[in-house]
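Observations on the model geometry
Below, each chain spelled out in residue letters.
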Amino acid sequence: MRACIHQRFHQLPHSCFSFLHPPRIHAYTVANVENPSAPSREDYAYANVFLWNAMIRKQVENGDITRDLPLLYYIQGLRTGLRPNGQTFMYILKALVCGKNVNEGEEVHASVVRTGFASSEFVSSALLGFYVTNGFIGQARQVFDEMPQPGLVLWTLMIRAYVCLTLPGEALELFRTMRRVGVMPDMVAVATVVSASGLLGDLGVAKTIHCFIEKSRVEVDAFVSSTLINTYGECGSLTDAYRFFKETAMKNTVVWNTMIHQSLEHNNLDLGKQLFNSMPERDVASWNSMIRGFANIGQYEQALALFHDMETMELCKAGAWIHSYVNNNDLNQDGSLDSSLIDMYSKCGDIAKAIQIFEESPRRDLFTWTSIICGLAMHGHGKKALCYSSEMNESQVSPDEVTMVGVLSACAHAGLIEQGRRYFQSMEKVFGLVPNFEHYVG
């Protein structure tokens, strides 16, 4: 591996490392404030390390490269006598984190120890992350144990490492040790430990952690809430999950979705539907959970109907955004778009908004009248639709075939059979319209 890196190093042009050479340093270094004409030896050293770190970081930030190039810069810097600092180690470990061979990381680890940065929480966190990402939990624990006084960040990282590798027992034991030495967890640490108890599947442990959260008064955010609901569900207690859901004040969409998911996982479709219908706001995950819930119990027609509703809701959101854009940019001053907006809101189920647009519209033509009459008829407001039909006639706007479909439908919804018959007969006699199949159905 090192031979490969060295070979790549010799293939690079010499100019790549010219910034490390003394004649070029003066152009990059920050001048000494007290004596700008005479930068000190420390200035040169600082400038060298600063630029070295900048070059390594730049390569790390380029996602389309391999880890070899940052390593080449790192090795060349060491060869020129530069002494790495904490940032150097953090950048190079980030470059190595996707590697499949732990040898380079162990060499960097050895350099960390030799240069005295093993006691740095930031560097140790980077080392721990490197080992965990590559599956070396033993080396990660060694890094943690060698820290004289690990802070909360390092404790949380190590606990989370055990959770990620499905070792909940070790995670919970480390949490107990953390509490014994007096380190108080924050929301992130608490959520991690709650996840560990869920993996363990022990309801008693989950309740103990919940009790600790309440007694210690750790702030509970939406992430902790959703994790605790999920944990109770994984431990087999939908009752405890729902009880906590009702008690917690932190209910965002993720928390609602988690409760719905657990309801369906426990085959409680009624509770899932109740929660879904009560949600203040839904996202794609909400719809997907319910559609999957119906499909899992063989209610495919309901699943398809819900999928159709989801598509309609997404289209309505897009329509509302377009309406807002039109208003903000004064694109509908003459009301020419009002009939389309009325039709859109009617089909999206917001008939109140459709009526509002109609009442505020400066344009009362055939299309605007037809849109509001058909929209009201669609929503079962037959009498109100007929009132608008009368106003339309008084305004001397003649209906067309589509308008009459709405009028006849309104009569049917309102149970006005005789009035519907009169409207039907007036089509040919008054308006010269030939009835078609839709009029007979209406």
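These figures come from a predicted structure and were not determined experimentally.

Attention now moves to the pattern of salt bridges. Inspection of every chain in the model, using the stated rule, returns 10 salt bridges. Between aspartate 334 and arginine 363 there is a salt bridge, with the nearest N and O atoms lying 4.0 Å from each other. With aspartate 334 in the loop between helix H18 (300–328) and helix H19 (338–347) and arginine 363 in the loop between helix H20 (351–360) and helix H21 (366–378), this residue pair connects regions lying 29 residues apart in the sequence. The exposure class of aspartate 334 is partly exposed, given its relative accessible area of 45%. Arginine 363 gets classed as partly exposed once you look at its relative accessible area, which sits at 32%. Ionic pairing is found between aspartate 343 and lysine 347, a salt bridge with its closest N-O pair at 3.2 Å. Taken together, the residues aspartate 343 and lysine 347, both in helix H19 and 4 residues apart, mark about one turn of the helix. Classification of lysine 347 as exposed rests on a relative accessible area of 52%.

Here we take up the packing of helix H12 (residues 203–216) against helix H13 (residues 222–234). Two elements in contact, H12 and H13, have axes whose closest approach is 10 Å; the angle formed by their N-to-C orientations is 155°. One way to sum up the angle between H12 and H13 is to call them roughly antiparallel. For the crossing formed where H12 meets H13, the hand is left-handed. Taking contact as the criterion, the partners of Leu203, Ala206, Lys207, His210 and Ile213 in H12 are, on H13, Val224, Leu228, Thr231 and Tyr232. Its residues assigned to classes, the contact of H12 with H13 shows 6 nonpolar, 2 polar and 1 charged.

A word on unusual backbone geometry. For arginine 217, which is not glycine, the phi torsion reads 60° and is therefore positive. Mapped onto the elements, arginine 217 comes out in the loop between H12 and H13. Positive phi is not limited to glycine here, since asparagine 267 has a value of about 60°.

Before going further, it helps to spend a moment on the confidence of the model for the protein. Of all residues in the protein, 87% attain a pLDDT of 70 or more, and the chain-wide mean is 83. In this model, residues 1–46 is a region of pLDDT below 50 whose contacts with residues beyond four sequence positions or in other chains number 57 contacts.

Now for the side chain of serine 225. On the secondary structure map, serine 225 appears in helix H13. Excluding residues that lie within four positions of it along the chain, serine 225 makes contacts with Val220, Phe244, Thr248, Met250 and Val255.

Relative to the helices and strands, serine 197 is located in helix H11 (residues 187–200). The exposure class of serine 197 is buried, given its relative accessible area of 1%. Look past the residues within four positions of serine 197 in its chain and what remains in contact with it is Leu172, Asp202, Val205, Ala206, Ile209, Thr231 and Cys235.

Before going further, it helps to examine the packing of aromatic side chains. Overall, the coordinates contain 11 aromatic pairs when judged by the stated rule. Arranged with centres 5.6 Å apart and planes meeting at 15°, the rings of tryptophan 321 and tyrosine 325 form a pair that is stacked. Taken together, the residues span about one helical turn, with tryptophan 321 and tyrosine 325 both in helix H18 at a distance of 4 residues. Pairwise contacts between aromatic rings join Tyr242, Phe245 and Trp256 into one cluster. Its guanidinium or amino end placed over the ring of phenylalanine 245, lysine 251 lies 5.1 Å from that ring's centre, counting from NZ or CZ. One Lys or Arg, arginine 282, reaches over the ring of phenylalanine 276 and ends 4.0 Å from the middle of that ring.

Turning our attention to the environment of leucine 386. In this structure, leucine 386 sits in helix H22 (residues 382–394). Take leucine 386: its relative accessible area is 5%, and that puts it in the buried class. Each C-alpha atom, one on leucine 386 and one on leucine 408, is 9.2 Å from the other, the two residues being 22 residues apart in sequence. With sequence-adjacent residues up to four places away left out, leucine 386 is seen in contact with Val407, Ala410, Cys411, Leu416, Gln419 and Tyr423.

On to helix H5 (residues 86–96), then. Taken across its 11 residues, H5 has 8 buried, putting it largely inside the fold. Within the span of H5, buried status applies to Gly86, Thr88, Phe89, Tyr91, Ile92, Leu93, Ala95 and Leu96. N-capping of H5 is provided by asparagine 85, with a side-chain oxygen placed 3.1 Å from the backbone N of glutamine 87.

Attention now goes to the packing of helix H14 (residues 238–247) against helix H16 (residues 269–278). Contact geometry of H14 with H16 gives a least axis separation of 13 Å together with a crossing angle of 15°. By the angle class used here, H14 and H16 are roughly parallel. Both H14 and H16 take part in a crossing whose hand is left-handed. Taking contact as the criterion, the partners of Leu238, Tyr242 and Phe245 in H14 are, on H16, Leu271, Gln274 and Leu275.

Applying the stated rule across the entire model yields 1 disulfide. Here cysteine 316 is linked by a disulfide to cysteine 348, with a sulfur-sulfur distance of 1.7 Å. For the disulfide bridge between cysteine 316 and cysteine 348, the dihedral angle about the S-S bond is near -105°, and by the sign convention the bridge is left-handed. Here cysteine 348 lies in the loop between H19 and H20 and cysteine 316 lies in helix H18, a separation of 32 residues in the sequence.

Thresholds applied
- Residues numbered from 1 in each chain as written.
- Predicted model: local features only at pLDDT ≥ 70, side-chain atom pairs only at ≥ 80, totals over all residues.
- Heavy atoms only, no water.
- Salt bridge = Lys/Arg side-chain N within 4 Å of Asp/Glu carboxyl O.
- Helix = DSSP H or I, 4+ residues; strand = E, 2+ residues; numbered from the N terminus.
- Buried < 20%, exposed > 50% of the residue type's maximum accessible area, 1.4 Å probe, protein only.
- Axes fitted to C-alpha atoms, helices over the stretch in contact; angles between N-to-C directions.
- Parallel < 35°, antiparallel > 145°, perpendicular 65-115°, else oblique.
- Left-handed = near helix turned anticlockwise from the far one by under 90°.
- Contact = heavy atoms within 4.5 Å.
- Nonpolar A, V, L, I, M, F, W, Y, C, P; charged D, E, K, R; others polar.
- pLDDT = per-residue confidence, 0-100.
- Phe/Tyr/Trp six-rings, centres within 6.5 Å; stacked < 30°, edge-to-face > 60°.
- Lys NZ or Arg CZ within 6 Å of the ring centre and 35° of its normal.
- Polar contact = N/O pair within 3.5 Å; in protein donor to acceptor, adjacent residues only side chain to side chain.
- Disulfide = S-S within 2.5 Å.

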